[in-house]
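Structural characterization, general
Residues per chain are reported as follows:
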Amino acid sequence: MAHALLVIDVQNDFCPGGALAVPGGDAIVPMINAMMDDFDAVILTQDWHPAGHSSFASAHPGKEPFGMVTMPYGEQVLWPDHCVQGTHGAAFHPDLRTDGDLIIRKGYNPAIDSYSAFFENDHSTNTGLDGYLNSRGIGTVTVVGLATDFCVHFSAVDAAKAGFETRVILDACRGLDMDGSHASAIDSMKNAGVTLA
Ligand code: VGL
Ligand code: ZN
């Protein structure tokens, strides 16, 4: 079975200076670039929100970034405006290699956030990535990128649930770590059978 590298959201807005900066987010770029040659397939994801997306605090009058809101699909963290389609913030980090096989965009549905590369946060709208990986004969998925506790976490759990042997290279990830989100993400990935390296 073939082995895919899944590079999550290494975009300007998640790097220092960006709208939703992950501390040290840019530091992982050289390591990820170097890893790419070792895989049969490289898939990059891009957080890709329309302006006014429902995960933005600015879309909820009276709410502040990093607060919570209840959506029809469950609890949702409210974020600063970030990764708006076509903006500099939504572009990949300028040093990231983008000569991968597939770029998958997520979070484009105005009403639903999408942390995972496989499913939107309603856990039922499929991005098609599982079908792509299966069609390419992929058995193992290695996940790297940003942020460990959100998009990397949910992508890795969904990859494992979809039946792929899944590992996360923590050195090639950085997290936001809000209210213990890093520790709970680590627990949840372990419980899903994800190998943490
Ligand atoms: C992410 C929060 C909001 C991520 C994306 O890439 O981890 N986090 N949108
Ligand atoms: Zn987002």
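Now for a description of the structure that goes with this document. Please read these numbers as outputs of a predicted model, since none were measured by experiment.

1. A few points about helix H4 (residues 181-191)
Those residues of H4 that sit buried are Ser-181, Ala-185, Ile-186 and Met-189. For H4, the arc enclosing every buried residue in end-on projection is 135 degrees, short of the 170-degree limit, so these residues lie on one face. For H4, the exposed residues lying more than 90 degrees away from the buried face are Lys-190 and Asn-191. Structurally, H4 contributes buried residues whose contacts are with helix H3 (148-161), strand E7 (165-174) and strand E8 (195-196).

2. Topic: the pattern of salt bridges
For the structure on display, the rule yields five salt bridges. For Lys-106, the salt bridge is made with Asp-47, and the minimal N-O distance between the two is 2.9 Å. Of this pair, Lys-106 sits in strand E5 (residues 102-106) while Asp-47 sits in strand E2 (residues 41-47); the two residues are 59 residues apart in sequence, bridging distant segments of the chain. This pair shows no difference in class: Lys-106 is buried, exactly as Asp-47 is. Here Asp-101 and Arg-136 are joined by a salt bridge, their closest N and O atoms 3.1 Å apart. In this pair, Asp-101 sits in the loop between strand E4 (74-77) and E5 while Arg-136 sits in the loop between helix H2 (129-135) and strand E6 (138-146), placing the two residues 35 residues apart along the sequence. Look at Asp-101 and you get partly exposed, because its relative accessible area is 40%.

About the criteria used
Starting afresh in each chain, residues are numbered from 1 along the sequence in its written order. Chains carry letters and ligands carry numbers; both start at the beginning, A for chains and 1 for ligands, and go up in the order they are written. Selection of residues for local features in this predicted model requires a pLDDT of at least 70, selection of side-chain atom pairs for listing and counting requires 80 or more, and totals for whole chains, interfaces and linings are taken over all residues. The basis for the side-chain values is all heavy atoms of the structure; hydrogens and waters are excluded. We call a residue buried when its accessible area falls under 20% of the maximum for its residue type, exposed when it is over 50%, and partly exposed in between, using a 1.4 Å probe and counting protein chains only. Labels follow the DSSP assignment, with helices taken as runs of H or I lasting at least four residues and strands as runs of E lasting at least two, numbered in each case from the N terminus. In this context, the arc is that of the directions from the helix axis out to the C-beta atoms. The criterion used for residue contact is that any of the two residues' heavy atoms lie within 4.5 Å. Any Lys or Arg side-chain nitrogen found within 4 Å of a carboxyl oxygen on Asp or Glu counts as a salt bridge.

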